[in-house]
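# What the coordinates show
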Amino acid sequence: MRPSEVIEQARQAFHEGASDRAVELAEHVIARYPRHASARLVRALKAEADGELDQALEDLRFVISAEPLNARAAAATARIFQQREDDARAQDEARRVVELVPDVGDNASLESALDILGVDADALPMTPGVFARIHLRSGWPGTAERYARRALDEEPDRIDIRLTLAEALWQLNRLSQCEEQCTIIFDRANDCVRAAVMLAHVLAERGRMAEGQDLLGRAGEIDPEYLEARQMLAQLEIHRLVLPDVPQIDVPASIRPTHAAPESAPPPAAQPDDADVTAESMPSDEPVEPTGEPEAEPEGAAFTQVDWVRELIRREDWREAERVLREIVEDDALAPADVDGLLEEAAGRPAFAATAWQLLGDFRMRTRRPQAAAEAYLRAAGSSEETDA
């Protein structure tokens, strides 16, 4: 079982209120990978819920150092500062959450940040930092660089914005300038995985392969499946770094399937003696006619509306797919993250991209995520231009 699969089970358990089981699963991963950021975040959230604020902050500081763009960690930090009546730091972290949420579509983190700030989502301004991230994710690193530099002029200590600037420079292949920004990031967040991946690539490009691989290995202590590294390096046409195979760990006992034996098994059927075997009892090549009621088919998962829209997209029935998707985005039964994922998946089809991004923007506005909506609308416009071209 991959570590990320265990952590997904832990997140689900925490969401369902089974926090003890969640932290048990997280600790199972931490036992193998003590610096696993996602596992440490689950443990921090459990400690926060239990009122163990010092322990929670210790894990949260590590997670934010490793993942400066992690909105959930920033939101938990803001809540802890608020509990300690450190309002200035709580509001600083909450403002950062508001800018980071478009990266993860995390409605719960946004709502807790808005509560701390005491404002409604519609009152939030679109800051240069938000624009920088939107343009970077939309494939316009040059524009992202300009907005990131403007944001850093206003808030030079924001490591998350500096990381956005470093990624923009990296995508523009301005590796020396990217290295400068990564060095500054490591001064404040020396566990930053994304900065480590970029710097490892820079070192490898300069022929310093051993140093690059060593730095990538340090990032692998935090992200042992190299999920961030694989996602980032996939953007390059070619790179020299070597990524290891995805690791597997033992399945935790709490989610290991168990098969209870029946209380009393029936005695085995009597077998005829060899002498009693006749031609009638021997196997025959003739087809056997069924008797009685036919055996019921095994039950399977219900064919859901989500399954149907995926089938429509596979068939390229865009009109019907749009109709079903509009029903889905108006239905509150699905979690926002699930709807986001479905629409982003639909946007992967070029012929349907503009419509899917537009629907995603509408959905994010309806679920009070205006900054994330702005990103989707921006990508809808870009997809429309590509289609027209």
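First, a word on what this report is: a plain description of the structure on this page. (Residues numbered from 1 in each chain as written. Predicted model: local features only at pLDDT ≥ 70, side-chain atom pairs only at ≥ 80, totals over all residues. Heavy atoms only, no water.)

### Observations concerning the nonpolar core
What counts, and what does not: We call a set of buried Ala, Val, Leu, Ile, Met, Phe, Trp, Tyr and Cys residues a nonpolar core when their side-chain atoms join them within 4.5 Å. Note on classification: 1.4 Å probe, protein chains only; a residue is buried when its accessible area is under 20% of the maximum for its type, exposed when over 50%, partly exposed between these limits. Secondary structure elements are taken from DSSP: a helix is a run of H or I of four residues or more, a strand is a run of E of two residues or more, and numbering for both begins at the N terminus.
Counting 58 residues, the largest nonpolar core has Ile185 and Met198 as its most contacted members. The leading source of residues in this core is helix 12 (residues 193-205), at ten residues. By size, the runner-up hydrophobic cluster in this structure holds 23 residues, among which are Val309, Val339, Ala356 and Leu359.

### With respect to unusual backbone geometry
Unusually for a residue other than glycine, Glu85 sits at a positive phi of about 60°. Summarising the element assignment, Glu85 is placed in the loop between helix 5 (71-83) and helix 6 (87-100). Exposure remark for Glu85: the relative accessible area of 69% places this residue in the exposed category.

### What about the packing of aromatic side chains?
This is how the line gets drawn: Two aromatic rings, drawn from Phe, Tyr or Trp (for Trp, its six-membered ring), form a pair once their centres lie within 6.5 Å of each other, and the interplanar angle then sorts them: stacked below 30 degrees, edge-to-face above 60, tilted otherwise. Only lysine NZ and arginine CZ atoms are considered, and such an atom sits over a ring when it is within 6 Å of the ring centre and within 35 degrees of the ring normal.
According to the stated counting rule, one finds two aromatic pairs in the structure shown. Measuring from centroid to centroid gives 5.4 Å for Trp318 and Phe352, while their planes differ by 15°, and the two rings are stacked. Placement of Trp318 in helix 16 (residues 318-330) and of Phe352 in the loop between helix 17 (336-346) and helix 18 (353-366) is noted, with a sequence separation of 34 residues between them. Here Trp318 falls in the partly exposed class, since its relative accessible area comes to 23%. Between Arg40 and the ring centre of Phe62, over which it is positioned, the NZ or CZ distance is 4.3 Å.

### A word on helix 9 (residues 141-154)
For clarity, the threshold we go by: Multiply 1.5 Å by the residue count of a helix minus one, and that product is the helix's expected span. Our arc is simply the arc of the directions from the helix axis toward the C-beta atoms. We call two residues in contact when some of their heavy atoms are within 4.5 Å.
The terminal C-alpha atoms of helix 9 lie 20 Å apart, and with 14 residues this matches the ideal 20 Å at 1.5 Å per residue to within 8%. What helix 9 keeps buried is the set Pro141, Ala144, Glu145, Ala148, Ala151 and Leu152. End-on view of helix 9: buried residues confined to an arc of 130°, all on one side of the axis. Across helix 9 from its buried face, at more than 90 degrees, point the exposed residues Arg146, Asp153 and Glu154. The secondary structure elements touched by the buried residues of helix 9 are helix 8 (128-137) and helix 10 (159-171).

### Quick look at the packing of helix 10 against helix 11 (residues 175-188)
To be explicit about the condition: Axis definition: a line fitted to C-alpha atoms, over the contacting stretch in the case of helices. Angles run 0 to 180 degrees between N-to-C directions. Angular relationships are summarised with four words: roughly parallel below 35 degrees, roughly antiparallel beyond 145, roughly perpendicular across 65 to 115, and oblique for the angles in between. The handedness criterion is simple: a crossing whose near helix is rotated anticlockwise from the far helix by less than a right angle is left-handed, and one whose near helix is rotated clockwise is right-handed. Residues are sorted three ways: Asp, Glu, Lys and Arg are charged, Ala, Val, Leu, Ile, Met, Phe, Trp, Tyr, Cys and Pro are nonpolar, and all the rest, Gly among them, are polar.
Between helix 10 and helix 11, the shortest axis-to-axis distance is 8 Å and the interhelical angle comes to 160°. Classified by the interaxial angle, the pair formed by helix 10 and helix 11 is roughly antiparallel. Note that helix 10 runs across helix 11; the crossing there is left-handed. Only Leu175, Gln177, Cys178, Gln181, Cys182, Ile184, Ile185 and Arg188 of helix 11 make contact with helix 10, whose side of the interface consists of Ile159, Arg162, Leu163, Leu165, Ala166, Leu169 and Trp170. Here the contact of helix 10 with helix 11 is built from residues that sort into eleven nonpolar, two polar and two charged.

### Things to note about the environment of Tyr147
Here Tyr147 lies in helix 9. Setting aside its immediate chain neighbours within four residues, Tyr147 contacts Pro128, Phe131, Ala132 and His135.

### Comments concerning the pattern of salt bridges
Short version of the rule: Salt bridge, as used here: a side-chain nitrogen of Lys or Arg that lies within 4 Å of a carboxyl oxygen of Asp or Glu.
With the rule as written, the count across this model stands at 36 salt bridges. The salt bridge involving Glu225 is made with Arg2; its shortest N-O contact spans 3.5 Å. Here the residue Glu225 occupies a position in the loop between helix 13 (209-222) and helix 14 (227-233), and Arg2 occupies one in the segment before helix 1 (3-15), the gap between them amounting to 223 residues. The class of Glu225 is buried, set by a relative accessible area of 3%. Relative accessible area serves as the criterion here: at 33%, Arg2 is assigned to the partly exposed category. Here Arg149 ties to Glu145 by a salt bridge, and the two come within 2.9 Å at their closest N and O atoms. Of this pair, Arg149 and Glu145 both sit in helix 9, separated by four residues, roughly a single helical turn. The class for Arg149 is partly exposed, based on a relative accessible area of 34%.

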